[in-house]
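# Per-entry structural report
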Amino acid sequence: MTVWAAAFVVFVWLVGVPTSDPLTAFGWLWLATIAWRNYLPWREHLLFLRDWLPVVFLLVFYNLSRGAADKLFAPHVQFMIDADEDMFGWLTGGRIPTIWLQQHLYDPAHVPWWEVVTTVVYISHFLTVPTVAVVLWVRSRKLSYRFIRRWITLSMAGLVTYFLYPAAPPWWAWEHGHLTESVARFSSRGLDVIGLHGAGNTLNALQADQSNPVAAMPSLHTAYAMMAVAFFLPLVRKRWWPVLLAYPLAMTFTLVYTGEHYVIDVLVGWLYVAAVFAAVGLAERWWAGRTKLSV
């Protein structure tokens, strides 16, 4: 594991966090399972490919399809602005929370320490859910399959919504003249402070060349964070709930502060998580009952 960790750190330092390619991300995770259980024969390690290749191909399909999701309809902009102003205008002087936060916390000439935290939280989106899924796979295949079913269903629900309701984030709304006060986009800026310039450049290039810049509703960044936490809430004592819930809340602050999402995007993302958990849970119970009857 020490060798694996050192190699991964060097990769991140030189190339960046594997944010856009599921094959690369799961390649590193597969190597981690081999390093962790290096005493097992190779046929056991190859089971990872059997179980995970279909998932990886689905995620590749998601990434490729997402690029066409803004081709059918014009992006929606005003609804999200109005929703955030209606919810928080009394506190922010009639501004959306993103503008209010940036006016109070953002300095284009200086990177404060908290932006290192927000950058790490933002990047964690690309690794948290796959890592949780793989750790569960190592510990309990049954639990991992339950987690994966919710993950894939949530991703496909988000993808369908992106086709039917393309929604622009705050930075896009400012760039296209829908907001009268400026919005900066700086979710990767904290990487420069800790010396990960290559990782920051990779993420910036990905954002600049992203296939669909108007896929903000729902926010899958915060939906994935909430899903990763909500899955474990029934399995841990309630005293640990605030610790777990701190992660999706930190992701929410990060996304709103850095101009990536409105608060309404986050709330809709959480609603999607609740709906997916309810639907998949119902389907699992139906399947279990059908299996018992057939036996």
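Residues numbered from 1 in each chain as written. Predicted model: local features only at pLDDT ≥ 70, side-chain atom pairs only at ≥ 80, totals over all residues. Heavy atoms only, no water.

## Quick look at the side chain of Thr118
Along the chain, Thr118 turns up in helix α6 (residues 113–139). With a relative accessible area of 6%, Thr118 lands in the buried category. Look past the residues within four positions of Thr118 in its chain and what remains in contact with it is Phe253, Thr254 and Tyr257. (Helix = DSSP H or I, 4+ residues; strand = E, 2+ residues; numbered from the N terminus. Buried < 20%, exposed > 50% of the residue type's maximum accessible area, 1.4 Å probe, protein only. Contact = heavy atoms within 4.5 Å.)

## Structural notes on the layout of surface pockets
Quantified by volume, the second largest pocket comes out at close to 320 Å³. Of all the secondary-structure elements, those providing two or more residues to the lining of the second largest pocket are α1 (2–14), α2 (22–36) and α6. (1 Å grid on protein atoms, 1.4 Å probe; cavity = no way out; pocket = protein on both sides within 12 Å on 5 of 7 lines; lining within 4 Å. Points joined across faces, edges and corners; volume = space filled by probe spheres on them.)

## With respect to the packing of aromatic side chains
Inspection of every chain in the model, using the stated rule, returns 17 aromatic pairs. Ring geometry for Phe11 and Trp28: centres 5.3 Å apart, planes at 55 degrees, overall tilted. Here the residue Phe11 occupies a position in helix α1, and Trp28 occupies one in helix α2, the gap between them amounting to 17 residues. Note on Phe11: relative accessible area 21%, which makes it partly exposed. Here Trp286 and Trp287 contribute two aromatic rings whose centre-to-centre distance is 6.1 Å and whose plane-to-plane angle is 50 degrees, an arrangement assigned as tilted. (Phe/Tyr/Trp six-rings, centres within 6.5 Å; stacked < 30°, edge-to-face > 60°.)

## With respect to the nonpolar core
The biggest cluster of nonpolar side chains holds 34 residues, and the ones touching the most others in it are Phe26, Trp52, Phe147, Trp151 and Leu154. Only α2, α3 (42–66), α6, α7 (141–164), α11 (220–230) and α13 (263–294) provide two or more residues apiece to this core. Among the elements that make up this core, the one with the highest residue count is α7 (seven residues). Grouped together as the second largest cluster of nonpolar side chains are 19 residues, Ala83, Ile96, Ala216 and Val268 included. (Core = buried A, V, L, I, M, F, W, Y, C linked by side-chain atoms within 4.5 Å.)

## Focus: a nonpolar patch on the surface
Side chains of Val10, Trp13, Leu14 and Val15 sit close together on the surface and give an oily, nonpolar patch of about 410 Å² of accessible area. Mapped onto the fold, Leu14 is located in helix α1. (Patch = residues over 30% accessible without salt bridge, like charges linked within 9 Å, V, L, I, M, F, W, Y side chains within 5 Å. Areas by Shrake-Rupley, 256 points an atom, 1.4 Å probe, with all protein chains shown as cover. Salt bridge = Lys/Arg side-chain N within 4 Å of Asp/Glu carboxyl O.)

## A word on the confidence of the model for the protein chain
In the predicted model, the protein chain carries a mean pLDDT of 87, and the fraction of residues at 70 or more is 89%. Between residues 198–202, whose pLDDT stays under 50, and residues either more than four places distant or in other chains, the model counts 13 contacts. (pLDDT = per-residue confidence, 0-100.)

## Some thoughts on α1
Count 3.6 residues to each turn of an α-helix, and residues three or four apart come out pointing the same way. Between the first and last C-alpha of α1 there are 18 Å, a value that for 13 residues agrees with the 18 Å anticipated at 1.5 Å per step. Considered for burial, the residues of α1 that qualify are Trp4, Phe8 and Val12. Buried residues along α1 cover an arc of 65 degrees about the axis, so they all sit on one side. In α1, the exposed positions angled more than 90 degrees off the buried face are occupied by Thr2, Val3, Val9 and Leu14. Of the residues one or two after α1, Gly16 is the one with positive phi, at around 120 degrees. (Expected span 1.5 Å × (residues − 1). Arc of directions from axis to C-beta.)

## What to know about the packing of helix α5 (residues 97–105) against helix α12 (residues 241–257)
Two elements in contact, α5 and α12, have axes separated by 8 Å at closest approach and are oriented at 85 degrees. As summarised for this structure, α5 and α12 are arranged roughly perpendicular, according to the angle between their axes. Together, Pro97, Thr98, Leu101, Gln102 and Leu105 of α5 and Phe253, Val256 and Tyr257 of α12 make up the contact between the two elements. When grouped by side-chain class, the residues that make up the contact of α5 with α12 number six nonpolar, two polar and no charged. (Axes fitted to C-alpha atoms, helices over the stretch in contact; angles between N-to-C directions. Parallel < 35°, antiparallel > 145°, perpendicular 65-115°, else oblique. Nonpolar A, V, L, I, M, F, W, Y, C, P; charged D, E, K, R; others polar.)

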